[in-house]
Amino acid sequence: LDLQRGSGKGGLYLLQKFRREEKQKPADEQQEPTKMAIGVEGGFMDDKWEIIKEYSLLAISAAGERTTLPYPSQDLPMLVSDVCEAIEKHQGVQSQEAVSQWEEEVKESKYYKELVQLPAMKKISPSPKDWKCEKSGDTQNLWLNLSDGYIGGGRKHWDGSGGSNGALEHFEEEKAKGNFFPLVVKLGTITPDGADVYSYAPDEDNLVKDPLLAQHLEHWGIDVMKMEKTDKTLAEMQVDLNLNYDWSKICESGDKPLVRLRGPGLVGLKNLGQSCYMNSSVQLLLALPEVKQRYLDADFQIRKSGPSEVQNDLISQVAKLANGLNGPRYAPPLKDGEDEEDPKHVVAPQMFRTLIGRGHPEFSTSRQQDAAEFIQYFLEQLTRAERSALGSRVIGDRPTSGMFDFAVEERMQESSGSRRVKYSRTQETMLGIPVKLEDAENLAEVTAYKAAHEKDEKDPKKLKTEGVEEPKPLVQLSTCLSRLAAPEEGIQWRGSAASKTTRMATMPRYLLVQLRRYYIDEKWCPAKLDCKVPMPETLNLEHLRGKGLQPGEEEMPEEPDDAGAAPAAAAPEADEMIVAQLISMGIGENAAKRASLAVNNSGAEAACAWFFEHSEDPDINLPPAAGAPPAGDSGEFDPEAVSTLCSMGFAEAHVRAALKSCMNSVERAADWLFSHADDLDAAVAAVNGSDTAAGPSRVDNEDGVGEYELLGFVSHIGKHTSHGHYVCHMRRGDGGSWVIFDDSKVAKSEAPPLDLGYLYLYRRKDASA
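Quantities reported herein were computed from a predicted structural model and do not represent experimental measurements.

Another point: helix 15 (residues 477-485). Buried residues of helix 15: Leu-477, Cys-480, Leu-481 and Ala-485, and no others. Along the axis of helix 15, the buried positions cluster into a sector of 135 degrees, meaning they face one direction only. Tucked into the core, helix 15 has its buried residues touching strand 16 (431-434), strand 18 (496-504) and strand 22 (538-540).

Tallied over the full model, the rule gives 16 aromatic pairs. Ring plane angle 70 degrees and centroid distance 5.2 Å describe the contact between Tyr-111 and Phe-180, whose orientation is recorded as edge-to-face. A residue pair is termed long-range when its members are at least 10 positions apart, and Tyr-111 in the loop between strand 6 (107-108) and strand 7 (142-145) and Phe-180 in the loop between helix 4 (166-176) and strand 9 (183-186) qualify at 69 residues. Here Tyr-111 falls in the buried class, since its relative accessible area comes to 17%. On the basis of relative accessible area, Phe-180 is assigned to the partly exposed category, the value being 27%. Judged by centre distance (5.4 Å) and plane angle (25 degrees), the rings of Phe-713 and Tyr-760 are stacked. Of the two residues, Phe-713 is situated in strand 23 (residues 707-717) and Tyr-760 in strand 27 (residues 757-764); the sequence distance between them amounts to 47 residues.

What follows is about the nonpolar core. Judged by nonpolar contacts, the single largest core of 54 residues is most densely connected at Tyr-295, Phe-352 and Phe-404. Broken down by element, the residue count for this core peaks at eight residues, all from helix 13 (residues 371-386). Beyond its immediate stretch of four places on either side in the chain, Phe-352 contacts Met-278, Val-282, Leu-314, Gln-317, Val-318, Leu-321, Phe-374 and Phe-378. Core analysis: the next-biggest nonpolar cluster, separate from the first, contains 30 residues, Leu-431, Val-435, Tyr-708 and Leu-754 among them.

Their axes nearest at 10 Å, the elements helix 11 (residues 314-326) and helix 12 (residues 350-357) cross at an angle of 145 degrees. By crossing handedness, the relation of helix 11 to helix 12 is classed as left-handed. Each of Leu-314, Gln-317, Val-318, Lys-320 and Leu-321 in helix 11 lies in contact with helix 12, whose residues at this interface are Met-351, Phe-352, Leu-355 and Ile-356. For the contact of helix 11 with helix 12, a count of residues per class yields seven nonpolar, one polar and one charged.

With that settled, the discussion passes to the environment of Ala-592. With respect to the helices and strands, the residue Ala-592 is situated in helix 17 (residues 589-598). Assessed through its relative accessible area of 0%, Ala-592 is described here as buried. Sequence separation between Ala-592 and Ile-578 is 14 residues; the distance between their C-alpha atoms is 7.9 Å. With sequence-adjacent residues up to four places away left out, Ala-592 is seen in contact with Val-579, Leu-582, Ile-583 and Ile-587.

Rules used throughout
Per-chain numbering applies: the sequence of each chain, read as written, is numbered from 1 onward. The predicted origin of the model limits local features to residues at a pLDDT of at least 70 and limits the giving and counting of side-chain atom pairs to 80 or more, whereas totals for whole chains, interfaces and linings rest on all residues. With hydrogens and water set aside, each side-chain value is computed from the structure's full complement of heavy atoms. Only protein chains enter the accessibility calculation, which uses a 1.4 Å probe. A residue is then buried if its area is under 20% of the maximum for its type, exposed if over 50%, and partly exposed in between. Put simply, DSSP marks the helices as runs of H or I at least four residues long and the strands as runs of E at least two long, and each gets a number from the N terminus on. It is the directions from the helix axis to the C-beta atoms that the arc portrays. We call two residues contacting when some pair of their heavy atoms lies within 4.5 Å. To pair, rings of Phe, Tyr and Trp, with the six-membered ring standing in for Trp, must have centres within 6.5 Å; the planes then decide the type, stacked if under 30 degrees apart, edge-to-face if over 60, and tilted in the middle. The set of buried Ala, Val, Leu, Ile, Met, Phe, Trp, Tyr and Cys residues whose side-chain atoms join them within 4.5 Å is what this entry labels a nonpolar core. In this analysis an axis means a line fitted to C-alpha atoms, helices contributing only their contacting stretch, and an angle means the value between N-to-C directions, from 0 to 180 degrees. Note: crossing handedness is left-handed where the near helix turns anticlockwise from the far helix by less than a right angle, and right-handed where it turns clockwise. Charged residues are taken to be Asp, Glu, Lys and Arg, nonpolar residues to be Ala, Val, Leu, Ile, Met, Phe, Trp, Tyr, Cys and Pro, and polar residues to be all remaining types, Gly included.

So, in structure tokens, the structure goes:
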């Protein structure tokens, strides 16, 4: 590629030849991991191979003659040797150590400095035989509350293991009384080096560090210097779960080993440290025929036409990744006796991950993320990158996201009076379908089991439910769609009550369906509804199509435009009741106000959900921005800002409107421009107060008959999207056989769990494949 870019001038290249040799472990070396980490001491060893590197120099003349020279060599000029040495030490976008290593991050609790500790009316015995849960009597998995000395059982894990929930229930009971005692320490893990400390605070809800742990324990009579470890840490328990479960088998029933596959379109992706959400999303999208047609780049034309720094060019990185997954390089046929884990047959998308996550507060980290959020973010970023590349570097005149975009029709109707209606449209890339426990057709059976199980927990001597498999709620898709289509009553709109009905105005070529299994439980904690929703392989959504204004309906007129004479509207205020509810849960006042404003004061549950998704934003505890008039109202704009945004391919009139709307903030203006890219003229007219003259505008979405067939789906294992594991199932080949993609493992799917997925990808039947 570099030689072709050089226009035949020739060059000098350092050739690197790598070969693998299996690492020989000493007999006394620790074999089993002890913490949640990859590629570090005590963690999962990500690579069992030692890489042997050999180098040589390749000189290519302007005429194309090639000469190979040994390296290192004392006969080389010092400048050449120095350059080659620098290349050897350079490891690409990140050091190889950072690429192959990941360790679970544990942060300091924000509550340890001001932790309340009640007077010590009792001392905690240092002997494990004296410890027991004060609620259930359990003697295993016990946690000491550092504020009041209460000993309670740990909470259950996603797989049903764990304790009696005594410690968490005690925290909730005390919080209801007005006491906030968030920090607990696991008895049995206390040593002079530290212990497991957990924060039940809603804005942490995770393992944390307590730098004053020794002092806090001394208050209850525990001397850390005399304590010995007698129980497993949470990290060790998580390791056990990872060692004892085969993720592919969790996703599919039965113990039959899965048949491994390899070939173009059957290539795995290396897990770079909690990157399974990205791997599953990429496998779902990059094998679509339209994507392959656009991005398969066997002759390097896409990459040759890009900037020289390809690591910063998303178009080049997507082309590189699409070729790796769908081309022959990593896909030689499997041979008998061949190592299925050979890394040379797995794509490691490090450059892609670094670029797509750059600047994002979540996707730039090594934490687990929500696959649905990633897909939407990826399509948004790809749309931006394709804006200047369509028709030149890549074929086509519509962005890739256009295959997924569809219009949503919102119908508002007055609840009283003349019952006038108002229709409007919004754009979406994913259809979110609500899933509720109360819609389960076996709700009585589920409720009876839980009641019996809770009764057994209160009386450990009775084990009525032991050995009885917990029934999963079964929710039919038709019920979920009925809930989606039902009118939403009691909405305050234009000063009176109204109902809101949502329909699909267009049917996209590819429909992404998200089953919204996640909710805020009665303890105000994010949770997942572990239920079955049987998804059909063919789906007809024509009954959800919006039809616009109907005969006999009276349309409500547009609100009068008084912008020319009226002063600027006052900044919205956060709902005091919502803020008070969030503060009572331990959320800071500024964060509570931000959450309430972010969901337009729609309710405490929605605000709480927003807070948990944004709790680590750097500005979460800053006061909400005051509602000052836009700095651009005077008509003066920073010439450098205008030039920067115009260089992205936008017209100056559009750029000035964006800066006016975003108070001269270049970053926000760029986001505004891209988010309104489908109809910039109407958006600019609205900003300039001339939208009434422009009239309603509609995006030209692709449309067809709403009959779909299932292509693939992404499943999530775990209680929350920020934990657990993702895998992808896709149809492959002429026969449409199901294949499971579990990071680097690709295998024939024997029993795809169609009822346990999280994201489903459907293709419209009348769309050409």
